[in-house]
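One-letter residues, chain by chain:
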Amino acid sequence: MSLSRPPNRHLALPPFFSLVALDSIDSTNEEMHRRARAGAAEGTLVWAREQTRGRGRRGRDWSSPQGNLYLSLLLRPRVPPAEAAQIGFVAAVALAETFESLLPAARRLSCKWPNDLLIDGAKVSGILPEAEAAGGVVEAVVLGMGVNVASFPGELPYPATSLAAAGIEAGVEAVLEALAPRLQSWYRRWREAGFAPVRHRWLDFAAGLGEPIEVRLEREVLQGRFAGLDASGALELELGDGKHRLITAGDVFHPAA
């Protein structure tokens, strides 16, 4: 791994952030976990030009060539694990508002439960929050985010795109500068007002709300209607018999997309 600082202009980030800029790293989340265990402060942000072993949810590989945005932010919320899980939605709202400010009006932006962002139904960004807890309290959350800025991987089991393909002419630095203040603002709002405003805003962007979906769990596959998001962030699935089931983890597919 390389820990040298890449050649880049000075980034205009809010004082909340302490930037660690790297040419290359195995994984920004792994690097942030190392720094968190060494006592790094809240607001530390690791940004790398490329990752050699980037990963997404459930340990899946995340293609990480140069030209895209890979970052991990350290947060120290000191809340129960169930509340810390809401931080993924905080990041999703911040990313959605960032993309909304940059996208041409004709493009359709949406948030796919739990941690993806889509443009015209194709994945452009993923979020990977990882918590470190002790005694029932989350001492640290490593909030990983990846954005396909210049390119996107092919041969995936789902559609993918990039900001460039969607008509956004912005480099990695510009995207990071646009994202950082929104991320800080929504994190502060979550800390002060709880999940309700985050949930309300996320639903503004929700993909497939009220439509048929398929949810693939570890041992079963469910079909029903995406009825909403509960007060904790669980997906509300209305089954064929009218009963509702709360989903806290799983892969969601939108047949109508």
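Refer to the structure presented above.
**Q** Just checking my understanding: could you explain the overall build of the chain for this structure?
**A** Per the secondary structure count, the chain includes 5 helices and 12 strands. Here the chain has a C-alpha radius of gyration of 18 Å; the compact-globule value for 257 residues is 18 Å, and the two agree. Expressed along its principal axes, the backbone C-alpha trace of the chain runs to roughly 55 × 45 × 30 Å. Out of the 257 residues belonging to the chain, those deemed buried represent 53%. Contacts spanning at least 24 positions in sequence make up 62% of the contacts within the chain whose residues lie at least 6 apart. Within the chain, the 30 negative side-chain charges are centred at a point lying 2 Å from the centre of the 28 positive side-chain charges.

**Q** Would you take a moment to explain helix α3 (residues 87-102) for this structure?
**A** An α-helical turn contains 3.6 residues, so any two residues separated by three or four positions project in the same direction. The end-to-end C-alpha separation of α3 is 23 Å, in line with the 22 Å expected for 16 residues at 1.5 Å each. When you tally the buried positions in α3, you get 13 out of 16 residues, the bulk of the element.

**Q** What exactly am I supposed to notice about the environment of aspartate 241 here?
**A** Along the polypeptide, aspartate 241 turns up in the loop between β10 (235-238) and β11 (244-247). Look at aspartate 241 and you get exposed, because its relative accessible area is 56%. Separated by 17 residues in the primary sequence, aspartate 241 and glycine 224 have C-alpha atoms spaced 9.3 Å apart. Among the polar contacts made by the side chain of aspartate 241, one reaches the main-chain amide nitrogen of lysine 243 at a distance of 2.9 Å.

Calculation rules
Residues numbered from 1 in each chain as written. Predicted model: local features only at pLDDT ≥ 70, side-chain atom pairs only at ≥ 80, totals over all residues. Heavy atoms only, no water. Helix = DSSP H or I, 4+ residues; strand = E, 2+ residues; numbered from the N terminus. Rg over C-alpha atoms; globule rule 2.2 N^0.38 Å. Buried < 20%, exposed > 50% of the residue type's maximum accessible area, 1.4 Å probe, protein only. Contact = heavy atoms within 4.5 Å. Lys, Arg positive; Asp, Glu negative; His and termini not counted. Charge placed at Lys NZ, Arg CZ, Asp CG, Glu CD. Expected span 1.5 Å × (residues − 1). Polar contact = N/O pair within 3.5 Å; in protein donor to acceptor, adjacent residues only side chain to side chain.

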